[in-house]
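Structural characterization, general
What follows is the residue order along each chain.
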Amino acid sequence: MVSNGKLIVYICTLCFMLWGCSAPGWKTYSNSRYGFGFPYPSNWEALAAPSNDDGMAFVSPRNKTVEIRGWASNQLSAASNTATSPNFQTVQGVSGVLLVEVGDTVSSMQLTLEQNQVRYYWQGRSPSPEFPDYYRLFDYIAQQYRIPE
């Protein structure tokens, strides 16, 4: 049984997450150069795209220091493969490495996937005190990250 205090915390956290993502829903970013994509809250603002078209970043309308970004790069050799064993799987069924780093001021979640000599990345970051509020959102987006099949 959940105590009243915990229930209030759960409800407040859910309301905060929904308010941060607001009612407009979701959009999908699709990268034309590398073919990857990921969903993002439709009210988040896109930052300027890099000239090499390797990815895109979006920031929360509530707090510009909360951002999500995805990018990719060609691997120069097979020796550049990550040494860490996969610990995460996307809904697409692709295995990769999910790393969560909690710092004093900034915390992040980063997904790395590798396929066909391309390394794909996705990252969500926020100020550390707010990271628990964004963790589920970041995890959901990482799960939905898609690469070319």
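One can find the structure itself at the top, above this paragraph.
Below or above, wherever it landed, is the structure these notes cover. If you're wondering where the values come from, they're calculated on a predicted model, not measured in any experiment.

**Notes on unusual backbone geometry**
Positive phi is not limited to glycine here, since D53 has a value of about 55°. Among the secondary structure elements, D53 is positioned in the loop between β3 (45-46) and β4 (55-59). The phi torsion at Q117 lies on the positive side, around 65°, for a residue other than glycine. Position of Q117 relative to the elements: it lies in the loop between β8 (106-115) and β9 (118-127).

**A short note on helix α2 (residues 131-144)**
The end-to-end C-alpha distance of α2 is 19 Å, a good match for the 20 Å that 14 residues give at a rise of 1.5 Å each. The set of residues buried in α2 consists of F131, Y134, L137, F138, D139, I141 and A142.

**What to know about the nonpolar core**
The biggest cluster of nonpolar side chains holds 28 residues, and the ones touching the most others in it are F36, F38, I68, Y120, W122 and Y145. Mapped by element, the contributors of at least two residues to this core are β2 (37-41), β4, β5 (67-74), β8, β9 and α2. Ranked by residues supplied to this core, first place goes to α2 with six residues. Setting aside its immediate chain neighbours within four residues, I68 contacts F38, Y40, P41, W44, M56, A57, F58, W122, Q123, G124, F138 and I141.

Rules and cut-offs
- Residues numbered from 1 in each chain as written.
- Predicted model: local features only at pLDDT ≥ 70, side-chain atom pairs only at ≥ 80, totals over all residues.
- Heavy atoms only, no water.
- Helix = DSSP H or I, 4+ residues; strand = E, 2+ residues; numbered from the N terminus.
- Expected span 1.5 Å × (residues − 1).
- Buried < 20%, exposed > 50% of the residue type's maximum accessible area, 1.4 Å probe, protein only.
- Core = buried A, V, L, I, M, F, W, Y, C linked by side-chain atoms within 4.5 Å.
- Contact = heavy atoms within 4.5 Å.

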